[in-house]
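Structure at a glance
Below are the chains, spelled out letter by letter.
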Amino acid sequence: MKTPSIRSRAAIAVAAIAILTAGLSGATSAAAGGPATHHAYPVPAPYPGARADRSTSPSAPVTISGELSPEMANCTPTANGDYVHVSSGDASGHGWWLQGNCPYTKSSVTVQLNEWYSDNSWHNKNSATGSVYPGGGAGNRVTARQTCVGTTLAGWRSVVTVWIGWGNTVYTTGQNIYCTA
Amino acid sequence: MNASPVAVTGLGAWCDLDSPEEDSGGRGTSFKVREFALLSDGREVTLLDDRGWTTSAPLGGTADAGMSVTHVVRNVYNVVLPDNAEETGQEHEWQRFAQRLREAGVEVTLDELRALPYRVVLSDRLRSLLGLPS
């Protein structure tokens, strides 16, 4: 009974990756699954200050190679992201995960930076993915950075996705910082 | 008559909930963090106030799914880490702290800052939500 379940979940995971990858690759897409191309008219997008909405986030078990232990396949991690802030001329955001009921092992973590635009939507900026142990802290966090080309006030947030087990995604609270990119 | 020079007596991070309590039931929870220095004359100087984090975990709940005091305190330390902590091994923004304190009229060396006690202070509201006594 376990093997078909895991295979089925793996198929869902691949689909979830495809959905998320499509979302991340769009330079102007909204972060909550909106169209990936630029529109002259407003498109549906999360509002600044919106928190994690797991009902619209892709479920994200990934990195399935070889046998997946039931413990790893069925676990739910906690996704965490710090508020995007200015650091050495960049907008910077970190992502990390907490173990929850997952095993102590490395998981992929993706941090996608979003900047709020006057068309009332979040625009994707840089992203970063890394494989880290749970807990956060130096060496166990993934950092996404985007060079600030201007210093006027703009809204920023990050979307942090943890891929182990059932995965988890969180949208950090939007912050207005003196950085435009 | 010269007054004694003001000294820094301690450092810390203050943490409070930054999202409506009703949002902590499954839509993620946000926290704001402010680092501060306590001075010998009773003043408090804000050192860094643009940090915070959002977690997918709800407040309370079980050890697996909910958020513990340990979870919160650990994340406070995570979000105040310098961006280059991986390279420098530094746990706090010592240079920035010294600069802020200088602006407040307090001269202090980086070594003196590193030697000070550092504590995490949770707001009364947060302590209550985490089941801690006020």
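Here is a short report on the structure shown in this document.

Below, the discussion takes up the overall build of chain B. The number of helices and strands found in chain B is five helices and four strands. Here chain B, with 134 residues, has 30% of them falling under the buried criterion. Sequence separation of 24 or more characterises 58% of the internal contacts of chain B that already satisfy a separation of 6 or more.

Okay, the nonpolar core next. By size, the foremost hydrophobic cluster in this structure holds 43 residues, and its most contacted members are A:A91, A:V109, A:W156, B:C15, B:V33 and B:V76. With five residues, the single largest contributor to this core is strand β7 (residues 150-162) of chain A. If sequence neighbours within four positions are ignored, A:V109 has contacts with A:G95, A:W96, A:W97, A:T129, A:G130, A:V132, A:V142, A:V160 and A:V162. Among the nonpolar cores identified, the runner-up in size contains eight residues, and B:L11, B:L47, B:L101 and B:L113 belong to it.

Let's shift gears to the interface of chain A and chain B. In this complex, chain A contributes 28 residues to the contact, which on the side of chain B involves 26 residues. Residue assignment for the side of chain A that touches chain B shows that the elements contributing at least two residues are β1 (78-82), β2 (85-87), β3 (90-98) and β8 (168-171) of chain A. Among the elements that make up the side of chain A that touches chain B, the one with the highest residue count is β1(A) (five residues). Classifying every residue of the side of chain A that touches chain B by side-chain character gives eight nonpolar, 16 polar and four charged. Pairing geometry for β1(A) and strand β3 (residues 44-55) of chain B, over three bridges, is antiparallel. Counted as the bridge partner of A:G81 is B:T54 from β3(B).

The rules behind each value
- Residues numbered from 1 in each chain as written.
- Chains lettered and ligands numbered in written order.
- Predicted model: local features only at pLDDT ≥ 70, side-chain atom pairs only at ≥ 80, totals over all residues.
- Helix = DSSP H or I, 4+ residues; strand = E, 2+ residues; numbered from the N terminus.
- Buried ≥ 20, exposed ≤ 12 C-beta atoms within 10 Å, placed from the backbone.
- Contact = placed C-beta atoms within 7 Å.
- Core = buried A, V, L, I, M, F, W, Y, C linked by C-beta atoms within 7 Å.
- Nonpolar A, V, L, I, M, F, W, Y, C, P; charged D, E, K, R; others polar.
- Pairing = 2+ DSSP bridges.

By themselves these figures say nothing about function.
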